[in-house]
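# Structural characterization, general
So the chains spell out like this:
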Amino acid sequence: MVSDRKKLTAVLGVTGGIACYKAVELVRLLVKDDFTVRVIMTHGAREFVTPLTFQTLSGNPVATDPFDLTQESEIGHINLADSADIFVIAPATANVIGKIAAGIADDLLTTVLMATKAPVLIAPAMNIHMYENPILQENLRKLRRVGYYFIEPTEGFLACGYEGKGRLPEPENILAEIQRLLRKKDLADERLLITAGPNREPIDPVRYISNRSSGKMGYALARAGLNRGAAVTLVSGPTALEPPAGARLIPVTTAAEMRRAVLEEFPSCTAVIMAAAVSDYRPIEYSSTKMKRGKTPLELRLEPNPDILKELGAKKDGKLLIGFAAETDDLAANAKKKLREKNLDMIVANDVTQEGSGFDGDTNIATIVDRSGASRALPLMTKDELADQILDHLLALKSRR
Ligand code: CTP
């Protein structure tokens, strides 16, 4: 129960899917968390659950029809759009996502959504093959680009009989995401310089050496920073991720390019978070033509890349410096050593051999160590949640200065 804040309004759009029953529970949790809840149901949703259920739980009339004169005079679709502190669609069908992406507003939900200025959180839920459909995926990318937020469906048994990704997340998790999006803008004074992803060090025009970094941690930090009001510059190696709406993206490939971009941006930032898995080595020689296959072993000679973070640590210049340490052994000792040697304020260490931790997944298990020597081992959590924990820690360090 959140008691020390003004009552916030969540407008909840419910569309026609079997997961509608979970939206009922979501309304109950929102009301319990002191939200005013206003529900809009599509025609399809009303085939699964009656408006009376939502009306009883929310304590407010349920809006269904843009041409209903009684509803329009009592609620008013623009009034509904303006009243939202957050707009949630759960469950969201492939159909409604397609309509929103195409700019169609042919029912009350899509019309009100079109008129809202509130942050929008969409929770897709559908059959796994529908979720994987490239048209749906393209629509999700398009909506992410223009600033809509999504909570990913979870994996498990689907009502259609399939196993896979497509289930509506549990109402508690949707509520946690809503609370996260409504956090106060406590980083409004920060200009974060965040690096993400791997580097690629070319061997010849078609080959390179790289590492398994996906960029997800750095992108999660960028999203969390933006959500909390920070200005974010994201220097990113090659990734398959959609850049967060509102970040200034500087795409780079090699460690040398990353170093150049970071040094150029350093003077204007307040804090640097180096989540990138910088390539420690690059080939000494680059062959400008494609190397031919031979019969004898090929030796590739590498030279070290400069340590970007260490270079920043030597300047410091009043900025907070946060590094990551991906380790396979002696986690705490190695992380502390890096913190000291690179003159950092905080290091986020993770044991990449642990299940649920490290490179490609959506979760991480991290230990945060700061320059006072204090260390905090965090449980398994999503990279989005870890991003907020890191930013909380950054603020705490600032306040201690
Ligand atoms: N880092 C960097 N420049 C490098 C290598 C790493 O700025 N050339 C940064 C990373 O972005 C990370 C931190 O330093 O924030 C630690 O990276 P990590 O690879 O764990 O450590 P290294 O210093 O490279 O040491 P080692 O690979 O020997 O563990």
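Residues numbered from 1 in each chain as written. Predicted model: local features only at pLDDT ≥ 70, side-chain atom pairs only at ≥ 80, totals over all residues. Heavy atoms only, no water.

The next thing to look at is the environment of isoleucine 122. With respect to the helices, strands and loops of the structure, isoleucine 122 is situated in strand S4 (residues 120–124). Owing to a relative accessible area of 0%, isoleucine 122 belongs among the buried residues under this scheme. Residues within four places of isoleucine 122 in sequence aside, it is in contact with Ile89, Ala92, Ile97, Ile100, Leu143, Tyr148, Tyr149, Phe150 and Ile151. (Helix = DSSP H or I, 4+ residues; strand = E, 2+ residues; numbered from the N terminus. Buried < 20%, exposed > 50% of the residue type's maximum accessible area, 1.4 Å probe, protein only. Contact = heavy atoms within 4.5 Å.)

Here we come to a nonpolar patch on the surface. Taken together, the side chains of Ile18, Tyr21 and Phe48 make up a nonpolar region of the molecular surface, amounting to roughly 350 Å² of accessible area. Topologically, phenylalanine 48 is positioned in the loop between helix H2 (43–46) and helix H3 (51–58). (Patch = residues over 30% accessible without salt bridge, like charges linked within 9 Å, V, L, I, M, F, W, Y side chains within 5 Å. Areas by Shrake-Rupley, 256 points an atom, 1.4 Å probe, with all protein chains shown as cover. Salt bridge = Lys/Arg side-chain N within 4 Å of Asp/Glu carboxyl O.)

Attention shifts here to the domain arrangement of the chain. One can read the domain layout of the chain as domain 1 (9–181) and domain 2 (191–400). For domain 1 versus domain 2, the separation of C-alpha centres amounts to 35 Å. Each partner contributes to the interface: domain 1 provides eight residues, whereas domain 2 provides six residues. Both faces considered, domain 1 and domain 2 share a buried interface measuring about 660 Å² in area, 45% of it formed by carbon and sulfur atoms. Looking only at domain 1, the three residues that lose the most surface to domain 2 are Arg145, Tyr149 and Arg180, adding up to 64% of its buried area. At the boundary of domain 1 with domain 2, the tally comes to two salt bridges. (Domains from an automatic or database assignment. Buried area = accessible area lost by both parts, 1.4 Å probe.)

The subject of this paragraph is the pattern of salt bridges. This model, assessed by the stated rule, comprises 30 salt bridges. With a closest N to O distance of 3.3 Å, aspartate 34 and lysine 7 form a salt bridge. Taken together, the residues aspartate 34 in the loop between helix H1 (20–32) and strand S2 (36–41) and lysine 7 in the segment before strand S1 (9–14) connect sequence positions 27 residues apart. Between aspartate 388 and arginine 228 there is a salt bridge, and its shortest N-O distance comes to 2.9 Å. With aspartate 388 in helix H15 (residues 383–400) and arginine 228 in the loop between helix H11 (216–227) and strand S11 (231–236), this residue pair connects regions lying 160 residues apart in the sequence. Of the two residues, aspartate 388 and arginine 228, neither departs from the other in class, the shared state being buried.

The next subject is the environment of serine 58. Among the secondary structure elements, serine 58 is positioned in helix H3. Sequence separation of serine 58 and lysine 292 is 234 residues, and the distance between their C-alpha atoms is 69 Å. Apart from residues lying up to four places away in sequence, serine 58 is in contact with Val27, Val31 and Val37.

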